[in-house]
Amino acid sequence: MSVDTATVKRIASLARIAITDEDAARMAPELGNILGWIEMLGEVDTTGVEPMTAVIPNTLRLRDDVVNADPLTGGGIREQVLANAPAAEHGFFAVPKVIE
Amino acid sequence: MTDLTDIGIAGIRDGVRDGSFKAREVADAFIVKVSQAKALNAFLVETPEHAIAAATAADTAREAGETLKPLAGVPIGMKDLFCTKGVTTTAASHILEGFTPTYESTVSQNLWDAGAGMLGKLNMDQFAMGSSNETSAFGNVISPWKRNDGGNASLAPGGSSGGSSSAVAARLCPGATGTDTGGSIRQPAAFTGISGIKPTYGRCSRWGTIAFASSLDQAGPMARDVRDCAILLEAMAGFDAKDGTSLQLDVPKWEAGLSGNLNGLRVGIPKEYRVDGMPEEIESLWQQGIAWMKDAGATIVEVSLPHTKYALPAYYIIAPAEASSNLARYDGVRYGIRDLPTGAGLQDMYAATRADGFGPEVKRRIMIGTYVLSAGFYDAYYTQAQKVRTLIARDFERAWEMCDVLLTPTAPSAAFALGEKSADPIAMYLNDVFTVPSSLAGLPAMSVPGGLDKQGLPLGLQIIGKPLDEQGVLNAGLAIEQRAGFTARPEAWW
Amino acid sequence: MSDYRIQGDTGEWEVVVGLEVHAQVTSNAKLFSGAATAFGAEPNTQVSLVDAAMPGMLPVPNRECIRQAVRTGMAIEAQINKWSRFDRKNYFYADLPQGYQISQLYHPIVGEGAIDISLDEKNPDATGKRIGVERIHVEQDAGKLMHDQHPTQSYVDLNRSGVALMEIVSKPDLASPAETGAYLRKLRSILRYVGSCDGNMEEGSMRADVNVSVRKPGDELGTRTETKNVNSVRFVMAVVEQEAKRQVEVLEAGGKIQQETRLYDPDRNETRSMRSKEDAHDYRYFPDPDLLPLVLDDAFLAECRASLPELPDAKRARYEALGIAPYQATVLTAEVEAARWFDALLGAGVKPAAAANWTTSELFGALNRTGRDIENSPVSPAQAAELLGLIADGTLSGSLAKQVFEVMLETGDGAAKVVEDRGLKQTSDTGAIEAVIAEVMAANADKVADYRGGKDKLFGFFVGQTMKAMGGKANPAVVNEVLKGALGESVAS
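By the naming in an unreviewed UniProt entry, chain A is Aspartyl/glutamyl-tRNA(Asn/Gln) amidotransferase subunit C, taken from Sphingomonas taxi. UniProt annotates chain A under Sequence similarities (unreviewed entry) with the comment "Belongs to the GatC family." As recorded by UniProt, the Subunit (unreviewed entry) comment attached to chain A reads in full: "Heterotrimer of A, B and C subunits."

A. Layout of the nonpolar core. Formed by 302 residues in total, the largest nonpolar core has its most connected members in B:A314, B:I317, C:A69, C:L387 and C:V404. Examining the composition of this core, we find that 10 residues originate from one element, helix 9 (residues 311-326) of chain B, more than from any other. Filtering out sequence-adjacent residues up to four positions away, C:A69 remains in contact with C:V25, C:I109, C:V110, C:I136, C:V138 and C:M166. Residues C:I433, C:F462, C:A474 and C:L483 belong to the second largest nonpolar core, which totals 8 residues.

B. How the structure looks around the environment of B:S105. With respect to the helices and strands, the residue B:S105 is situated in the loop between strand 2 (75-79) and helix 4 (106-113). For B:S105, a count of 28 C-beta atoms within 10 Å translates into the label buried. Sequence-wise, B:S105 and B:T181 are 76 residues apart; in three dimensions their C-alpha atoms are separated by 17 Å. Setting aside residues up to four positions removed in sequence, B:S105 forms contacts with B:F82, B:C83, B:W207, B:G208, B:T209 and C:G56.

C. Fine view of the interface of chain A and chain C. Of the residues lining the interface, 34 residues belong to chain A; the matching set on chain C comes to 39 residues. Of all the secondary structure elements, the ones that give two or more residues to the side of chain A that touches chain C are helix 3 (78-82) and strand 2 (92-96) of chain A. When residues of the side of chain A that touches chain C are assigned to their parent elements, the largest contribution, 5 residues, is made by strand 2 of chain A. Of the residues belonging to the side of chain A that touches chain C, the class tally is 16 nonpolar, 9 polar and 9 charged.

D. Representation of the interface of chain B and chain A within the structure. Every contact between the two is made by 57 residues of chain B and, on the other side, 41 residues of chain A. Counting residues per element, the ones that place at least two in the side of chain B that touches chain A are helix 9, helix 10 (346-357), helix 11 (360-373), helix 12 (378-399) and helix 13 (425-429) of chain B. A per-element tally of the side of chain B that touches chain A places helix 12 of chain B first, with 10 residues. Of the residues belonging to the side of chain B that touches chain A, the class tally is 32 nonpolar, 18 polar and 7 charged.

E. Highlighting the sheet that holds strand 15 (residues 286-287) of chain C. All names here are of chain C. Spatially, 3 strands are ordered 5-4-15 in an open sheet, and the strand pairing comes out antiparallel. Among the strands making up the open sheet, the edge pair consists of strand 5 (100-103) and strand 15. Pairing geometry for strand 4 (residues 87-90) and strand 15, over 2 bridges, is antiparallel. Residue pairing in the sheet places D87 in a bridge with P287 of strand 15.

Reading the values: the criteria
- Residues numbered from 1 in each chain as written.
- Chains lettered and ligands numbered in written order.
- Predicted model: local features only at pLDDT ≥ 70, side-chain atom pairs only at ≥ 80, totals over all residues.
- UniProt positions renumbered as here; feature names shortened; annotations may be inferred.
- Core = buried A, V, L, I, M, F, W, Y, C linked by C-beta atoms within 7 Å.
- Buried ≥ 20, exposed ≤ 12 C-beta atoms within 10 Å, placed from the backbone.
- Helix = DSSP H or I, 4+ residues; strand = E, 2+ residues; numbered from the N terminus.
- Contact = placed C-beta atoms within 7 Å.
- Nonpolar A, V, L, I, M, F, W, Y, C, P; charged D, E, K, R; others polar.
- Pairing = 2+ DSSP bridges.

So, in structure tokens, the structure goes:
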């Protein structure tokens, strides 16, 4: 499996990780090696095999429609929600201006 | 007088209960040990006040004649993957520097509710991605063990729970929490001569534990022996309505159920675990383990897990894919660092923050995960890997028709020196070859120390059990522990 | 079939439209957390740790949101998938704290269904068309960005983050602005009957992504554009019209339609391209590993079905069977509140056809005039039934009934009380009517002669004069009968 630097840069862009040309060039063979290694899976005949959905038999539990029943998953905690924000103003998170 | 840092969790618990010593004395003894062990770099944050508060509560309760909680007077170390209210939590990543949760993870809360105190937050591989603790943004953790070759090489404590393994092995805490995604409890336990168990997926709540790979992550205890692991796991486990994958089951009384008598037990030996290039010493330890099992009354059967060799590549698709998505939230908006180059827009800010905040291994895995999920590759990689995962789980189900537990080595080698494998990601990934298959199948699995290699370094044996059969795993582990007589400990050089 | 065509220089073009409607599910709490969903709260006050995607947070689905989606599916006779899954749609934006939206791509909870629309309310059956629904899935809403609060920063409010949406995806079965409007109105009506969405487009409870393409009749489907987040029926219809026209112009000028996302500008009544990086849209969908498959059991489905109300089409059919005119039946069933009101009126034992006439003309007219909606009608169904009863038993004539109704609207009093207080009772006193008619005939001897000479049309004149002389309170039937006798007698003599 060979991965070119353009691919590395496209993936880095999708993953929102800034990358220099130099880093992309360095990562290309490294990712190529890893992807080449995992391509071993192609050998396995998986005809008729369902992809794994739950490792231990279990089905999805549903929550009751009650507001703030558990304070750990309820609202009304703006102070907590904003407590760690790099930039918070007037009760909002602040980010560089987005032009739509 | 006994050194209180030498007696383990059961001993501390019982001693505090019967008044042999005060919980406060225990806490103080460990706090001193922690403060003297900076060279190991096992702790990212020390929280003596937390340990003292819990100890004081235990002592007060005893003086008042109250029934003591299950872990009253026991101070522990907390892997930095667990969010702790008011205590900085970073997953050993620069991107979360300064993050102070306003909430407590379910697992840590369960431990505090059981009376335990916290000595501090333990270093680890960044976002739990690594097998040597070399990916922490805050420096390598050093194993307390040294080779007996006269050299002074710093050894890896294993990973990702390397702070936990190093701290327990160096007697800085009697037990610690770990998390295991592909072997992150078992491999470091094996490297440092301690015990550690990853329970069945869903036993321990994942709520408040920083996610690496959601379908694999499980918390578990790391301690000096099997009994201590059982005690800790009982406190950590339990149903949690906040985690949709939590198992709605009562927590068994694992400690009370401990028995090293394996009469009637069928122990499976998977032939595919005999890999090329495995050191002779590991093979002979495995044979020794088989002999111990027989001695304990078990019968031995050879079983086949034919898809074993595909477990690692499947894991290195599934885990990075989930991680690439789980780690998308670290974007510099709501917590952690923000890197805002002059004139940068929102998307530039994301890219700069993430480039600066994530370490190389985390970036590598995000890149792999992003790639395997991207348009045109999803079915070939991700869907195929989940199908292979089904086959791997099926292998185990077939094996359970013939045996009750499986016995394997924990890791293909003893601890390696720091730097020895960090240049070759795949060589590093291969360290998880024996631990990853059971992770993919969500099975309970544990590592117990079996002996030392020629260099004087610990080697571990792994027991894998049926879903929900932690008791069977612990009992088989206990049988090994009783026969291995593993008493070696690293000499304090730190 | 629609005969809507765009006249281009090269001939006629058809338009092909599909709608993806995002409807906010009516629930107290969010889809995956316990935070509230109420509209208009202070920023970030309805945000849980889960909605803010704090490290280690996990989603647990709200049963009510699942139930509402299933009930909606049942209301459009769609396939309900007993096994469905949530997937993650990965992209980075400031209104999306997790860095992914939890949605359903591969296994939606609701499969194919259909909605019947009609283009002419006066003739609903003859102008009907069945519009296919591809699927309904459940997903999280995003937060909100405010761009006008600060010169260099945008502000993020996560109150909406994690609110449950249903995405209702139609097949490309719509062929005109009118059909598109009718579909959206009908869908809104059904959602409001079911109670799964309040349909409030101003508050953003319903938004549509409008997929439009054009083609020459008989040709393959053309390349489509998607105009995002259109928030009124009128605008959706305008998008279809404008976008179809634009595409025809582009194609006839030799250009190509770009598959792209567009925005509608209501001020200029035009769509324009969102110049975002389309190539970056690789959403990397995969099953959310935090959420196990959603398996619905029979008891749950039975409860969903049992809780469904009578739906607009069924109700309309029932009204028609009661003798109500199709147009009135359509009008009465379009809005759930009106239908509820009218059902209460029917329940009070009135004659259906007369009640429908009165409700659609008198009541709706009065509500229109006074700018009220039916939920705040000053006249209750019981009061209306009383009024209709007085008409039916001859106590009130049509014109008297109008007067009584006006007073009822002003005072809120019951019909009988108004009649009593104001003396508005109709008289059927033959003697009194005969006396008045005699006076009228005497005063208009020339017209009596004309009538008798064959000018039949003058009959109405005599009725009018008689009613006027009696202040409108004479029973028209008695007036007719007596007049016919009085005027006819003389002819005979």
